[in-house]
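Breakdown of the fold
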Amino acid sequence: MCQHQPTCPSAEAIDREAARVLACFREQGWSLLCNGVIVFEDTGELLPDGSSIAPHRGPARHALVA
């Protein structure tokens, strides 16, 4: 259970990525958040229940055509 004030969003919340980082492994490309979510540098996620969220970053700014 999160001890931060204000409390971090749960793993089920839409804003789950706003939880605080407990451990960061940049060399491996992932971080563990306070709510148990593992966030990967490609924006994919692994939730505590074992389900996954596919990478969801938008297109690179330089790829946008004006």
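Further up the page is the structure itself.
In this text, all values refer to a predicted model and were calculated from it rather than measured experimentally.

For the chain, the count of helices and strands is 0 helices and 5 strands. In the chain, the succession of α and β elements from N to C terminus is β-β-β-β-β. The buried share of the chain, reckoned over its 66 residues, is 27%.

What follows covers the packing of aromatic side chains. The geometry of an aromatic ring pair is captured by the separation of the ring centres together with the interplanar angle, meaning the angle of the planes. Evaluated as defined, the whole model comprises 1 aromatic pair. Here the aromatic rings of Phe25 and Trp30 are separated by 4.6 Å at their centres, their planes lie at 25°, and the arrangement is stacked. The partly exposed category is assigned to Phe25, whose relative accessible area is 30%. What makes Trp30 partly exposed here is its relative accessible area of 23%.

With respect to the secondary-structure elements, Ala23 resides in strand β1 (residues 21-25). Non-local contacts of Ala23, meaning those with residues more than four positions away in its chain, are made with Ser31 and Leu32.

Cut-offs used in this document
- Each chain has its residues counted from 1, following the order in which its sequence is written.
- The predicted nature of this model means local features are confined to residues of pLDDT at least 70 and side-chain atom pairs, given and counted, to a pLDDT of 80 or more, with totals for whole chains, interfaces and linings taken over all residues.
- The basis for every side-chain value is the complete set of non-hydrogen atoms in the structure, without hydrogens or water.
- By definition, any uninterrupted DSSP run of H or I lasting at least four residues is a helix, any uninterrupted run of E lasting at least two residues is a strand, and each is numbered from the N terminus.
- Exposure is judged per residue with a 1.4 Å probe applied to protein chains only, and the accessible area is read against the type maximum: over 50% gives exposed, under 20% gives buried, and values in between give partly exposed.
- Any Phe, Tyr or Trp ring, taking Trp's six-membered ring, that has another such ring centre within 6.5 Å forms a pair; planes under 30 degrees apart are called stacked, those over 60 apart edge-to-face, and the others tilted.
- What makes two residues a contact is simply this: any of their non-hydrogen atoms within 4.5 Å.

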